[in-house]
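For reference, the chains in residue letters:
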Amino acid sequence: MSFFQVEGLSLQFGGLKAVDNVSFDVARGEIFTIIGPNGAGKTSIFNLISRLYDPTAGKLFFEGRDITDVPPHQIARLGIARTFQNIELFENATMLANLLVGRHCHATTHLWQEMLFLPKVRAAEKAHRRKVEEVIEFLDLQAYRDKLIAGLPYGVRKVVEVARALCSEPKLILLDEPSSGLNVEETDDMSFWIRDIKNELGITVLMVEHDMTLVNRVSDRVLALNYGKVLASGTPPEVQAHPDVIAAYLGA
Amino acid sequence: MRFIFKTDYDQDIRILKHSGYLWSYGLLLLILLAVPFLVGNYLQSQIVFVFIYAIVGVALMILTGFTGQASLGHAAFLAIGAYTAGFMQLHGVPFFVYFPLAALLAGGIGALVGFPALRLHGIYLVIATIAFASIVEEVLARWEDVTNGNEGMRVRTLDLFGLPLPRDGAGFYYLCLAVLIGVILMSLNLLRSPTGRAFVAIRDSETAGKSMGIDLAGYKVKSFAISAGITGLAGALFAHKMTFISPEMFTLLLSIEFIMVIIIGGAFGLHGAVFGAIFMVMVDPFLTALKDDVPTTIASIGQSLGMAQSAADQLHDTMSRIGSAAGLKGAIYGLIIMMFIAFEPYGLYGRWLKVKLFFQLFPLYKRATFKRQKTYVKSERNR
């Protein structure tokens, strides 16, 4: 059984099949990219994986465990973290607070202990903070610790979202269009970081991306979708040369 | 301008961020401790009301300011606390037992109210809490065996371990102060731990919160329960302060007053609850004074402008009739809320911070520092 596996996944909104019988599997330690035109169902697949949507049919397996019925808030505890296409940060909190929320799935203290702020809570807080600082160091976010997210530029927010996902120490990270809205330099940085996430932190990356340069540079394998159906999968050059993919993008 | 050089994670965890706060809050505490010896009975009594309102303000701040769940039902939680205290005292239960029980009961019922909040957002949640409050009001009026119905209930003098604390005494003042400080410290502790951050996460993005491992249902219910529990504590104190409680004291208008406490104070920090409480308690005698003085003043202005005595009397009558019209208080409250939302959205605490920053940065303060930027990237699709 592979590291992460999607089997016959379907999602239907009324008469619309957003995801139609999609199957793929991701091996431990690879960068797997999903591409496809707008409305192909890429983000829907992410929302299915993070259990924001319930699939109409199909199964999800993570490390051999069936996670199709796991409630959404337990997904993070299993080791799957994600970012969002349109940035879902906690706007009116500082960056540190945002990253510490990323540590939430590792929280062990109880409500009454926190009300009294017992030494145990303080120790846990410091341990969380230490981990957060590692991520800040990794993504070069030192300058923004006490800044409110609402005041940060778009490019930085995008990185903060990745940082928040990394703070939960995931085994699998889902990146929903990490380069959307970024300029060329920021996209370059992002591609280095994505490779570092894989190589240095040993985290498997599942990514949705439109920027084909970035896709070619970092992906080990690519899956192309259109109208919720799988068109092709394989290495980036294979997929790009596939006639169905060319037809989907350029029109046949 | 003070620059804090951070060398330790404890510096970010600590409640008093630097030694300056130790001095200012220490001084404030000393003044508050000295109040019973310095001011008259009336002012001391008003300050006790500030404490009680501030306790409710802190409760509502946790729920509305930090978790983002609006409630117009907090008068009901106050009533539950007040009646628990009154009823239990009548049956000989000592204060140190019924005081925490008032919090537990209100908190338990608050948790039940939290369940609809799992599905309701914004205005719908507000309506649900109003409905809950009217149910409680009705129950209090009808359940005569326990609450004595519309005739109301007498609450005897508070008795703490055999020590009577009369409502106007220094002892009662210190008790309310201690409860307020305790509640604030507890809330600060909560806000610097995972639970407090989970509340903020729910306020700002439920979708992201869910994906970060926050159990929305659990934390919303927790937030409601904590908020209602704290309000229950305030209710018990309120009962002893009023010495008489009846269902018509816990109406929608009181809930609106509580919401005003946090809107006027500034719904983004616990300071706001205290500032708002001061404002709300002080605005009432101010309005009463206005009601008494404004007609006379206007009439005498009219007279000095050459108005006939009879016309001036008529003007006086008209003005005092307007002044004592039913619902005028609500209308004025509404006006105050609107003015604050339009012109001072960060409330009194926000103004305080702006003035403080002005002096810290002088002469470099820029007016646009607090200008709010609109962002258009937020998605609401996954709600």
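About the cut-offs
Residues numbered from 1 in each chain as written. Chains lettered and ligands numbered in written order. Predicted model: local features only at pLDDT ≥ 70, side-chain atom pairs only at ≥ 80, totals over all residues. Helix = DSSP H or I, 4+ residues; strand = E, 2+ residues; numbered from the N terminus. Rg over C-alpha atoms; globule rule 2.2 N^0.38 Å. Buried ≥ 20, exposed ≤ 12 C-beta atoms within 10 Å, placed from the backbone. Contact = placed C-beta atoms within 7 Å. Domains from an automatic or database assignment. Nonpolar A, V, L, I, M, F, W, Y, C, P; charged D, E, K, R; others polar. Pairing = 2+ DSSP bridges. Axes fitted to C-alpha atoms, helices over the stretch in contact; angles between N-to-C directions. Expected span 1.5 Å × (residues − 1). Bend = angle between axes of the 7 residues up to and from the residue.

As a further point, take the overall build of chain B. Across its full length, chain B carries 16 helices and four strands. A compact globule built from 383 residues should have a C-alpha radius of gyration of about 21 Å, and chain B, at 23 Å, falls within 12% of that. Taking the principal axes of the C-alpha coordinates as reference, chain B spans close to 75 × 60 × 50 Å. Residues classed as buried in chain B amount to 39% of the 383 residues present. Within chain B, counting contacts between residues at least 6 apart in sequence, those at least 24 apart form 75% of the total.

Right, let's talk about the domain arrangement of chain A for a bit. All names here are of chain A. With domains assigned, chain A is organised as domain 1 (1-79 + 170-252) and domain 2 (90-167). Put simply, the middle of domain 1 and the middle of domain 2, counted by C-alpha atoms, are 26 Å apart. Elements with a minimum of two residues in the side of domain 1 that touches domain 2: helix 2 (72-78), strand 7 (172-176) and helix 7 (184-199). Grouping the constituent residues of the side of domain 1 that touches domain 2 by class yields seven nonpolar, one polar and two charged.

Let us now look at the sheet that holds strand 5 (residues 65-66) of chain A. All names here are of chain A. Read from one edge to the other, the open sheet built from four strands follows the order 2-1-4-5, with strand pairing classed as antiparallel. Edge positions in the sheet fall to strand 2 (16-26) and strand 5, since each has one partner strand and no second. Sheet analysis places strand 1 (residues 4-13) next to strand 2, joined by seven bridges and oriented antiparallel. Looking across to strand 2, one finds that Q12 is bridged to K17. With respect to the sheet, helix 1 (residues 42-49) is in contact with strand 1, strand 2 and strand 4 (57-62), its orientation differing from that of strand 2 by roughly 65°.

The interface of chain A with chain B comprises 36 residues on the first partner and 27 residues on the second. Of all the elements in the fold, those that place two or more residues in the side of chain A that touches chain B are helix 2, helix 3 (95-102), helix 4 (111-116) and helix 5 (119-138) of chain A. Residue contributions to the side of chain A that touches chain B peak at five residues, all from helix 5 of chain A.

A word on helix 2 (residues 19-38) of chain B. Residues and elements named next belong to chain B. Here helix 2 is 20 residues long and its end C-alpha atoms lie 28 Å apart, about the 28 Å a rise of 1.5 Å per residue gives. Of all the bends in helix 2, the largest measures some 25° and sits at L32, one to four residues before the proline P36. Taking burial as the measure, the 20 residues of helix 2 include zero buried ones, a minor fraction of the element.

Looking now at unusual backbone geometry. Along the chain, F362(B) connects to P363(B) via a cis peptide bond; the corresponding omega equals 5°. Mapped onto the secondary structure, P363(B) falls in the segment after helix 16 (347-361). Even without being a glycine, E177(A) presents a positive backbone phi close to 50°. Taking the C-beta count within 10 Å as the criterion, E177(A) has 21 such neighbours and is therefore assigned buried.

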